[in-house]
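Fold and geometry: a report
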Amino acid sequence: MTADTLDPLIHVPARLQIVATLAALPDGDALSFTRLQEMIGLTPGNLITHLRKLEDADYLITEKTGNGPASRTSVALTHRGRAALETYTETLRGLLGGGL
Amino acid sequence: MNGTRDRGDTKTSDEGEGLDPRGAANLLVQTQRQAQRELDFRSPWLSLLAAAGVLVGFGAVWLSVRGQHPYKGPTPAGLIVLYAFVVIRIGSVVYAHRRAQAGVSGRSAQRRQAEGAALAVVLVAVYVVMAALASDGASDGVVYGVYVATATMLVLGTFGAARSAVREDWHELGLSLAVVLVAAGSAFAGPRGVWLSNGVGLCVVLLGNSAAQAWLLRASRSDA
């Protein structure tokens, strides 16, 4: 097994942080864009770019509620995204000989 | 987190180059632990504050009843101190919880509301039974001593144990069961001693919990 077997969508520092942070929430919960940005420390533009890539792969879902200044965007991991992180973690374990 | 990092916007990092499996594993574990810490409202300081408060609250009631012969029940002054602790405890937990869960929405928030409503109904039922015992002629020592001092804690402990077992939160399960054991054991101390036994027992449990939380927190930080 080589590092090439790792999911390229997750195997990027920023996206790995996004997926790992969202996975800390219970299934069915979502995190606001602002809080996610605070927790990971990315610029809004950069975060949007990575979120879009993950959303295109159906790893996460974003939902916008409200209008104008009161609008709020929330982000949640999908079952597919959670499964992808589990597979990524297992692959990493395999590459590192069981330790993580 | 200090400042805002700009990460992954170059082709190199976007393709994952430079991120070896060991580095990825470290980043994954570090991010998971940090997220769990930031989303969890519990802290060693909160437990320490509760340990001190519970000792003062139950201690004040014990001081108000220890010289009563026959037993009449806690005095208003003792109850004010106890309820002041309860209010401070609820306020500090709500504040810490809101802070940790800021920006979180979804199913668990709805579940917490349902749990809160269920707990409120059960606590009201505890005091309805207390009123029934009093009207049935049970002694003041049972109604305003052993029963009221232990039933509330038994309900809170059992509720917490069931909730944490479902969530597989073994730390919280241990804490809840310890509260149940303290309450059940304190019932043997009689109407006066039950307040002191509850206060000292809960204080020890909460101090242990605070120490365990501090140790776990330090271990997760040093591993990360």
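Please refer to the structure placed before this passage.
Residues numbered from 1 in each chain as written. Chains lettered and ligands numbered in written order. Predicted model: local features only at pLDDT ≥ 70, side-chain atom pairs only at ≥ 80, totals over all residues.

**Some remarks on the overall build of chain B**
Secondary structure assignment for chain B yields 8 helices and 1 strand. Rg of the C-alpha trace for chain B: 23 Å, well past the compact-globule value of 17 Å for 224 residues, more than 25% over. Overall, the C-alpha framework of chain B stretches about 80 × 30 × 30 Å when taken along its three principal axes. Residues classed as buried in chain B amount to 27% of the 224 residues present. For chain B, contacts bridging at least 24 residues in sequence account for 67% of all contacts bridging at least 6. (Helix = DSSP H or I, 4+ residues; strand = E, 2+ residues; numbered from the N terminus. Rg over C-alpha atoms; globule rule 2.2 N^0.38 Å. Buried ≥ 20, exposed ≤ 12 C-beta atoms within 10 Å, placed from the backbone. Contact = placed C-beta atoms within 7 Å.)

**A closer look at the interface of chain B and chain A**
The interface is formed by 33 residues belonging to chain B together with 35 residues belonging to chain A. Elements supplying a minimum of two residues to the side of chain B that touches chain A: α1 (11-14), α2 (21-39), β1 (104-106) and α5 (107-135) of chain B. Element by element, the count of residues in the side of chain B that touches chain A is highest for α2(B), at 13 residues. Among the residues making up the side of chain B that touches chain A, the classes are represented as 12 nonpolar, 12 polar and 9 charged. Pairing of strand β1 (residues 29-32) of chain A with β1(B), which is carried by 3 bridges, proceeds in the antiparallel orientation. Each residue of the ladder has a partner; that of Asp29(A), found in β1(B), is Gly106(B). (Nonpolar A, V, L, I, M, F, W, Y, C, P; charged D, E, K, R; others polar. Pairing = 2+ DSSP bridges.)

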